[in-house]
Amino acid sequence: MGGDTTTRPSAFPESDMPSNIPTIRELFEAAIALDAPARPGFLEKHCPDPERRAQVEALIAADEDASEPLQVGEIDRIASAIGPTLPRSSLPAGSRVGPFELLEVIGEGGSSTVFRAVREVEGVTQQVALKLMRCSLYSPEAQRAFRREQHALIQLKHPNIARMIEGGVNESGLPYIALELVVGNTITDYVRTHQLGLRQRLHLFCVVCLAVDAAHRALIVHRDLKPSNVLVTEDGEVKLLDFGIAKLLAEDGEGTYTQMPAFTPAYAAPEQHSGGPTTTATDVYALGVLLGEIVTGERVNDGSGRTPSSRIGASSGSERPVALQHVTRKQVRGDLDAIILKALQADPLQRYASAGHLADDIERLLCSQPVRAQPPSRWYRAHKFMLRHKGGVATTVAFLLAILAALGLALWQARIARDQADLAQRASTRANTTLAFIVSVLQTASADLPKDQRPTPEALVTEAAKNARDDPELDPLVRAQLFTTLAEIARSNGESRQAELLIDEAIVQLHEHGSSPSSPEWIAALVSKGNLLHDTDRTGEADQLMLGLLPALEGVDTEGAVSALMLYSATRAYADDADRAVEFGTRALHKAQQVFGVDSLNSVYTAMFVGLLANKLKRFADGEVILSDVVARWHRLGLPRNEVLARCLLQLAKARHKSGKPADVEALYQEGIALMRSVGDESFYKISMGLRGLADFQIDMEKFAEAKVALDEAQEISGKVGEQSSEVALTQLLLARWHEERNEWVDAERDYRSAHAALAKNADQGATEAEFRRARLDWSHALIELGRLDEAATLLAQAKTAIGENPGSNDLDTADFHCISGELDMANNRFEPAVAHLDRGLDLLANLDAAVLSSEISCRISRVNALIALRRSHDARSEAEKAFIRQQETNAQAKLKLAGLLALRARCERADADPQAAATSIAQARKLAVPVELLSTADRATLEL
Amino acid sequence: MSSSSTQPSPPEGTNALFAQVYDRLKAMAGKRLAGNARETLDTTALVHELYLRVGSSAELRFAHPNQFYAYAARAMRHLLADRARDRMRLRAGGDWIQVTLTGSDSRLALDSAEQALQLEDALQRLANSDARAAQVVELTWFAGLSQEQVSETLGVARSTVARDWRFARAFLKDQLGR
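**Q** Describe the overall build of chain B, listing the residues and the values that go with them.
**A** The helix and strand inventory of chain B stands at 7 helices and 0 strands. Traced from its N-terminal end to its C-terminal end, chain B shows the element sequence α-α-α-α-α-α-α. Relative to its full complement of 178 residues, chain B shows a buried share of 51%. A separation of at least 24 residues holds for 68% of the contacts in chain B among residues at least 6 apart in sequence. Within the structure as shown, chain B displays about 7800 Å² of accessible surface, and the carbon and sulfur contribution to it stands at 47%.

Printed below as a string of structure tokens:
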């Protein structure tokens, strides 16, 4: 508990009793401010009344107990358990509302009560369901709207829609509506209790769709479709309740005006949550949820991103007690998945154009015709036809094709993941997941074939391509699309050569067909080709290809366009063109959000790509913002806690660290590492990557002991990969830095040397080129500290050549090169050229996107020393001051660094003949109480420690 | 504990704003619970949702967002207590409405109602002892505000809120016997 114990209530002067009697709270606060042993005496003195004293003592005991008076969420639990509010303002049974006599309550809503009611119409007793609102309509305007809507609803007559009989306002001003009384079960209960098979369920659902469609044609939107509003009578007749009522009786009386009508969150479309316009597409969405629930028994829009079919237990009824034993996963997979997902599109325009179209697709499914939900429709339709007329392997291909829509997404995600993945990891992960996927399809597809006769995925692709090539009926465009898709499958199998042949064939087809460069087919084919080039280390060609495609992407909002922009962003990053990489990454993100919705998995992945890209380009402030959002979204959307999230957490930690936001860095690293560990041992090297990031941060914070623990574990893990691997070298680089920060130069030099050697061995792989350059610079720095100047000079000359080969591409290296060259000049007593180098280095450092404090400070220290040597002690003094302030502003945790900088400042002040200031600096440094053995010899001498 | 022994102040009938906040939260909560009986009611989410709605309506005007939360937290607290009392009365057969609850739900509902009334009772006592501390609890529990937001709403220093909370925490734990 964070109580404020520093301020004592003034009611207790130490001397005598206050004139007014202190309150229980005053006594409590004064007592807890004291040490426990002092409390009884205090209470005895100030609270003689034993009853009050017992009270205070009970409070103190409660205060010391760590538990909370109420657990988080307990209020919610209590409120839920108590149940809905009772209708205090409702009328008792037997009273009248308009012409109706109320008989009994049959339902309770949030804002209304539903009664069974009767009236006499020409000698006949008419039973109705009467819905009585609890709140009156506020404004005359709302009342007019009520009458207008009510009129429209009375006109709506359909056998499957419960009729609205009449509406009005009762004597006390409460609006009511009388509806046809329906006795039945909710549709979800009905299909379960009657144990309907899939076909019967779909037939029933079609009836619902057609009724909704009829209402839509009368321009009435339901707005609140859900199982409890879709009843089935004992005769099996569907009846939709409450059509348009949500709008009519929006609980606020403001629904019509603010577009924030009443709805049920679980069934509401995204636009209802976001306050967008409610249209017929809103009902289509709700129908999608309903269909999902009818066939799977679960609400499918729970944000898990699972396909409807995956919710059905593989073996019947083993997982869930309410298992739908009458519908199997296999029945739902494919077309029905696609239909449900199309109805559930976040973007209303991407859903079925009407409930009638949805019904139409269900009917097509029921007679094994191609469904509209399966994109792209033309080739799919053609092939569904083609495949109906062929046998053998083609049957298997049919299944293969049926999953392509789903596979396309998986591939796309795998591609993003791959873009950040390590070369080695890349091939295996992707090939395994997609292979596993295809294999599972094959098992389903050709279960009737003996094992040894089942075709391999490669053979399948070849066979499918052959079919596509030989079929004279096939439209060239369809053929091209098929080739593209098959190429993607081949690529995901690691069959680059087969993929390239296929994709080239697709491009030729498209070309001959005169296809427009901005057509989805063309974009898809070129993206596929680009990815293939990128895969096979022809990134330059991929870059050119995407560059050529850019003009065609203008105004094209498709998945293909997103992929194209991302690929271009990646190839630009490879070409070290940070600005364009970030620009196009951001464009890809915007487009993804536009195409898939902000909260879609694809958008989250795209954002992650951009965040990792920013980090890779050392734009940590950008990376921090984007990745924070990704992680927050990941949690909010309830996405799985997997390796992708772990990677994201580690990169976010790094971005925070490097952009000077140390607050959560350690916790983020720990969380990311823990998650990596829980993912499994395959990602060992990623754990060591996380450990290194953590150690890097801890070294900056001068938490040397903790950093060493992390580094030791990283070293152990790296060792398992191989003694000579670059993994080991990367860990060694950090160990060297660990020693360097502790002024242990002999150890630092040794570790830099071996890291450099290991990296040199792996330099041709390209992956650790940057680290290799760093190792060279850091090593030469250590050599200078040890006075081994010739070796340092040789290394620096090499560094210069390396930088020369790649000018301007790595400003930090160039800056450090100048800083270290300055140090070398200093060590050789060439002070003027030293200052020139150091000035240049500082200039370059100031122009970096992200400040690199360690380089800047060490450059300033060297500059101070050079200025002292040049007897410009005044300049030296102000430079030393600047270095100290920069360090303190940026990382005040680094006490050792600060002490060293104060010692340096003291030396300047002495040189500047200001012993008094020097004494102050020394006192300040000694107050930091850093471990003496970690100070450099010079600093120790200055500080007289 | 019987429901008659705890009589928290009724919703401030004189205050039209309060009454409206109360009614609307009640309608929203009722709707949530009626929509899906298994759904857990998220009271603080309701308060925030209402806040968003109020932002776009002319009928409820608050001088400052802070004022809204003070009202809403109080309304939510009363709502819970009122509902709990309703539920207890039902057990006594004191109401005309017949509510069919399944056996276990009924037991749980009654236990929870009793718990809610104990809570309300403890809050009342706290308010008698230290009104501001009680309000801090109200804002924290029923509107889900952080200590910082509470300090903003009440216009007092953070350290004061922390002190209020510490006292309130001890007080309530003592009262609730946990």
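**Q** Please set out the pairing of strand E8 (residues 230-233) of chain A residue by residue, giving values where relevant.
**A** All names here are of chain A. What you see with E8 is no split at all: Val230 and Val232 on one side and Leu231 and Thr233 on the other are buried throughout. Pairing analysis gives 3 bridges linking strand E7 (residues 184-186) to E8, with the strands arranged antiparallel. Along E8, the bridge assignment pairs Asn185 with Val232. In terms of strand pairing, E8 meets strand E9 (residues 238-240) through 3 bridges, oriented antiparallel. Note on E9: the bridge partner recorded for Val232 is Val238. Counting the residues in the hairpin turn of E8 and E9 gives 4 residues, including Gly236, whose phi is positive at 85°.

**Q** Quick one: what's the story with the side chain of Thr731 of chain A, residue by residue and with numbers?
**A** Residue and element names in this part refer to chain A. Within the element layout of this structure, Thr731 appears in helix H32 (residues 726-741). A relative accessible area of 0% means that Thr731 is categorised as buried. Not counting chain neighbours up to four residues away, the residues in contact with Thr731 comprise Arg692, Leu711, Ala714, Gln715 and Ser718.

**Q** Pulling in residues and values, what's your account of the sheet that holds E8 of chain A?
**A** Working definition: the strands of a sheet are paired by backbone hydrogen bonds and lie parallel or antiparallel to each other. Residues and elements named next belong to chain A. The sheet built from 3 strands is open, its strands ordered E7-E8-E9 with antiparallel pairing. Only two strands of the sheet have a single partner each, and these edge strands are E7 and E9. Strand-to-strand twist of the sheet, defined as the mean angle between neighbouring strand axes without regard to direction, takes the value 35°. Against the sheet, helix H7 (residues 198-217) touches E8 and E9, its axis set at about 35° to E9.

**Q** Tell me about helix H23 (residues 539-553) of chain A, and please be specific about residues and values.
**A** Between its terminal C-alpha atoms H23 of chain A stretches 20 Å, which fits the 21 Å expected from 15 residues at 1.5 Å a residue. Of the residues flanking the end of H23 of chain A, it is Gly555 of chain A, one or two places downstream, whose phi is positive at about 70°.

**Q** Tell me about the environment of Met164 of chain A, and name the residues and values.
**A** Residue and element names in this part refer to chain A. One can find Met164 in strand E5 (residues 164-169). By relative accessible area, which is 4% here, Met164 ends up buried. Each C-alpha atom of the pair Met164 and Leu181 lies 9.7 Å from the other, and the pair is 17 residues apart in sequence.

**Q** I'd like a rundown of the pattern of salt bridges, residues and numbers included.
**A** According to the stated counting rule, one finds 65 salt bridges over all chains in the structure shown. Across the pair Arg737 of chain A and Asp700 of chain A runs a salt bridge whose closest N-O atoms are separated by 3.0 Å. Of this pair, Arg737 of chain A sits in helix H32 while Asp700 of chain A is found in helix H30 (residues 684-700), placing the two residues 37 residues apart along the sequence. Ionic pairing is found between Glu138 of chain B and Arg77 of chain B, a salt bridge with its closest N-O pair at 2.5 Å. In this pair, Glu138 of chain B is assigned in helix H5 (residues 131-142) and Arg77 of chain B in helix H3 (residues 65-91), connecting sequence segments 61 residues apart. Since its relative accessible area comes to 6%, Arg77 of chain B is described here as buried.

**Q** Describe in detail the confidence of the model for chain B, supporting the description with residues and values.
**A** Residue and element names in this part refer to chain B. The predicted model of chain B averages 71 in pLDDT, with 63% of residues at 70 or higher. When pLDDT is averaged over each element of chain B, helix H7 (residues 158-176) comes out on top at 92 and helix H1 (residues 16-35) at the bottom at 68. Note that residues 1-14 has pLDDT below 50 and, in this model, 26 contacts with residues that lie over four places away or in other chains. The low-confidence segment residues 92-105, where pLDDT is below 50, has 18 contacts with residues more than four positions distant or belonging to other chains.

**Q** Please provide a residue-by-residue account of unusual backbone geometry, values included.
**A** All names here are of chain A. Non-glycine residue Glu702 carries a positive phi angle of around 60°. Of note, Glu702 is situated in the loop between H30 and helix H31 (704-721). Within the chain, Asn743 stands out as a residue other than glycine whose phi angle is a positive 60°. For Asn743, the location among the structural elements is in the loop between H32 and helix H33 (745-762). Under the relative-accessibility criterion, Asn743 is labelled partly exposed at 29%.

**Q** Just give me the short version of the nonpolar core, but keep the residues and values in it.
**A** Residue and element names in this part refer to chain A. Ranked by internal contacts, the top residues of the largest apolar core, which has 104 residues, are Leu502, Leu549, Leu553 and Met608. With 9 residues, helix H40 (residues 895-911) is the largest single contributor of residues to this core. For Leu553, the residues in contact, after removing those within four places along its chain, are Ile523, Ala561, Ala564, Leu565 and Lys591.

**Q** Can you explain the environment of Ile885 of chain A? Please cite residues and give values.
**A** Mapped onto the elements, Ile885 of chain A comes out in helix H39 (residues 873-890). Residues Ile885 of chain A and Leu898 of chain A, spaced 13 residues apart in sequence, show a C-alpha to C-alpha distance of 9.2 Å.

**Q** Explain the state of the cysteines to me, using residue names and the numbers behind them.
**A** The final tally for this structure, using the stated rule, is 0 disulfides over all chains. You can see Cys209 of chain A has no disulfide; the closest cysteine sulfur is in Cys206 of chain A, sitting 6.0 Å from it.

**Q** How would you explain H5 of chain B if you had to name every residue and give the values?
**A** All names here are of chain B. The end-to-end C-alpha separation of H5 is 16 Å, in line with the 16 Å expected for 12 residues at 1.5 Å each. Of all the positions in H5, only Ala133, Ala134, Val136, Val137, Glu138, Leu139, Trp141 and Phe142 are classed as buried. Immediately beyond the C-terminal end of H5, within one or two residues, lies Gly144, with a positive phi of roughly 65°.

**Q** How would you sum up the packing of helix H2 (residues 39-46) of chain A against helix H3 (residues 50-64) of chain A? Please name residues and give values.
**A** Residue and element names in this part refer to chain A. Contact geometry for H2 and H3: axes closest at 11 Å, N-to-C directions at 150°. When the axis of H2 is compared with that of H3, the two are roughly antiparallel. As H2 packs across H3, the resulting crossing turns out to be right-handed. On the side of H2, the interface is formed by Arg39, Leu43 and Glu44, while H3 contributes Arg53, Val56, Glu57, Ile60 and Glu64. Looking at side-chain class alone, the contact of H2 with H3 contains 3 nonpolar, no polar and 5 charged residues.

**Q** For the packing of aromatic side chains, give the residues involved together with the corresponding values.
**A** How two aromatic rings sit relative to each other is set out by the distance from centre to centre and by the angle between their planes. On inspection of all chains with the given rule, the structure shows 4 aromatic pairs over all chains. A ring pair is formed by Phe28 of chain A and Phe167 of chain B, whose centres lie 5.7 Å apart and whose planes are at 55°; its orientation type is tilted. With Phe28 of chain A in helix H1 (residues 24-32) and Phe167 of chain B in helix H7, this residue pair bridges two chains. Residues Phe28 of chain A and Phe167 of chain B agree in their burial class; the two are buried. Look at Phe704 of chain A and Trp738 of chain A: their rings are 6.3 Å apart centre to centre, the planes differ by 85°, and that puts the pair in the edge-to-face class. Separated by 34 residues along the polypeptide, Phe704 of chain A in helix H31 and Trp738 of chain A in helix H32 bring together distant segments of the chain.

**Q** Mind laying out the packing of H7 of chain A against helix H14 (residues 355-366) of chain A, listing which residues take part and the relevant values?
**A** For any two helices packed against each other, the geometry comes down to the angle between their axes and how far apart the axes lie. Residues and elements named next belong to chain A. For the pair H7 and H14, the least separation of the axes is 8 Å and the interaxial angle reads 155°. Here H7 lies roughly antiparallel to H14, going by the angle between them. Judged by the sense of rotation from one axis to the other, the crossing of H7 with H14 is left-handed. Mapping the contact onto sequence places Arg199, Leu202, His203, Phe205, Cys206, Cys209, Leu210, Val212, Asp213 and His216 in H7 and Ala355, Gly356, Leu358, Ala359, Ile362, Glu363, Leu365 and Leu366 in H14. Its residues assigned to classes, the contact of H7 with H14 shows 12 nonpolar, 3 polar and 3 charged.

Rules used in this analysis
Residues numbered from 1 in each chain as written. Chains lettered and ligands numbered in written order. Predicted model: local features only at pLDDT ≥ 70, side-chain atom pairs only at ≥ 80, totals over all residues. Heavy atoms only, no water. Helix = DSSP H or I, 4+ residues; strand = E, 2+ residues; numbered from the N terminus. Buried < 20%, exposed > 50% of the residue type's maximum accessible area, 1.4 Å probe, protein only. Contact = heavy atoms within 4.5 Å. Areas by Shrake-Rupley, 256 points an atom, 1.4 Å probe, with all protein chains shown as cover. Pairing = 2+ DSSP bridges. Axes fitted to C-alpha atoms, helices over the stretch in contact; angles between N-to-C directions. Expected span 1.5 Å × (residues − 1). Salt bridge = Lys/Arg side-chain N within 4 Å of Asp/Glu carboxyl O. pLDDT = per-residue confidence, 0-100. Core = buried A, V, L, I, M, F, W, Y, C linked by side-chain atoms within 4.5 Å. Disulfide = S-S within 2.5 Å. Parallel < 35°, antiparallel > 145°, perpendicular 65-115°, else oblique. Left-handed = near helix turned anticlockwise from the far one by under 90°. Nonpolar A, V, L, I, M, F, W, Y, C, P; charged D, E, K, R; others polar. Phe/Tyr/Trp six-rings, centres within 6.5 Å; stacked < 30°, edge-to-face > 60°.

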